[in-house]
Amino acid sequence: MITIAIDGPAASGKGTLSRRIAEEYGFHHLDTGLTYRATAKALLDAGLSLDDEAVAETMAREVELGGLDRSVLSAHAIGEAASKIAVMPAVRRALVEAQRGFSRKEPGTVLDGRDIGTVVCPDAAVKLYVTASPEVRAKRRYDEIIAGGGTADYGAIFEDVKKRDERDMGRADSPLKPAEDAHLLDTSEMGIEAAFQAAKTLIDAALKEKI
Ligand code: C5P
């Protein structure tokens, strides 16, 4: 069983890259951000407070990993709520347990998130930390919304990206940071294809060592 851990901030390109890698190697993929989003959505839908850790933990324990769908969890408000409940240790404990269970699937898995290489799968065969400048990440989000026919304000998105980074990097429990043995991949000046090729080279080298 082989685990590939991919971490990085919002809109760094890690999601697209992770799906591509999972497809290439025939591995199962889990976008762990969706587990935090599903917990937040359950609370919002039930009209419950986002400040009650025990209630949030109960919701986290009910999340089904098989039924996660980004299209129903992508709303901005859900992402904001997710990053608020993600500071709660009891919520993290519940979701990390489920994520670790997933990571043991054969023949291998790709998990992406904020704390995969540091906390969820510290023994992963390969760890990647995908970044891009806040300006580039905000521009990507902006282009995505415009391409989808929506309207967007670049300045507001940029502020948002920075606020989310601060919350994810500044929290006490499992802050976003590269694992000591992670390979850094800065995609600011790189397309998805170039990032994929760079990742593939690192993964192939690590897999060869395992055999
Ligand atoms: O990646 P995504 O934007 O879907 O994640 C939503 C929020 O969930 C993040 O801002 C972060 O606060 C939280 N998260 C986390 N740990 C993970 C994945 C996501 O804390 N492994």
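Residues numbered from 1 in each chain as written. Predicted model: local features only at pLDDT ≥ 70, side-chain atom pairs only at ≥ 80, totals over all residues. Heavy atoms only, no water.

Notes on the domain arrangement of the chain
The cut-off we apply is this: Boundary definitions for the domains trace back to an automatic or database domain assignment. Only heavy atoms enter the contact rule, under which two residues are in contact if any of them lie within 4.5 Å. Buried area: the sum, over both parts, of the accessible surface (1.4 Å probe) that disappears when the two are put together. Any Lys or Arg side-chain nitrogen found within 4 Å of a carboxyl oxygen on Asp or Glu counts as a salt bridge. We call two N or O atoms a polar contact when they sit within 3.5 Å, provided that within protein one can donate a hydrogen and the other can accept it, with sequence-adjacent residues counted only if both atoms are side-chain atoms. Only runs of H or I of at least four residues qualify as helices and only runs of E of at least two qualify as strands under DSSP, and these elements are numbered from the N terminus. Classification convention: Asp, Glu, Lys, Arg as charged; Ala, Val, Leu, Ile, Met, Phe, Trp, Tyr, Cys, Pro as nonpolar; all other residues, Gly among them, as polar.
For the chain, the assigned domains are domain 1 (1-27 + 108-211) and domain 2 (31-106). Taking only C-alpha atoms, the centre of domain 1 and the centre of domain 2 are 19 Å apart. The interface of domain 1 with domain 2 comprises 20 residues on the first partner and 22 residues on the second. Both sides together, the interface formed by domain 1 and domain 2 hides about 1,800 Å², and carbon and sulfur atoms give 47% of it. A per-residue breakdown of the area domain 1 buries against domain 2 is headed by Met1, Arg164 and Arg167, which together make up 28% of the total. If you look at where domain 1 meets domain 2, you find three salt bridges. Between Asp115 and Arg92 there is a salt bridge, with the nearest N and O atoms lying 2.9 Å from each other. Taken together, the links from domain 1 to domain 2 amount to nine residue pairs in polar contact (both at pLDDT 80 or more). Listed by contribution, the elements that provide at least two residues to the side of domain 1 that touches domain 2 are strand E3 (108-113), helix H7 (116-120) and helix H9 (154-170). Residues of the side of domain 1 that touches domain 2, tallied by class, amount to six nonpolar, five polar and nine charged.

Focus on unusual backbone geometry
Where we set the bar: The rule is simple: take the accessible area with a 1.4 Å probe, protein chains only, and divide by the maximum for that residue type; under 20% is buried, over 50% is exposed, in between is partly exposed.
Of note, the amide linkage connecting Glu106 to Pro107 takes the cis form, showing an omega dihedral of 0°. Mapped onto the elements of the fold, Pro107 is located in the loop between helix H6 (89-103) and E3. Here the phi dihedral of Ala11 falls at roughly 60°; this positive angle occurs in a residue that is not glycine. Relative to the assigned elements, Ala11 resides in the loop between strand E1 (2-7) and helix H1 (14-25). Take Ala11: its relative accessible area is 17%, and that puts it in the buried class. Even without being glycine, Ser174 reaches a positive phi, approximately 55°. With respect to the secondary-structure elements, Ser174 resides in the loop between H9 and strand E5 (183-186).

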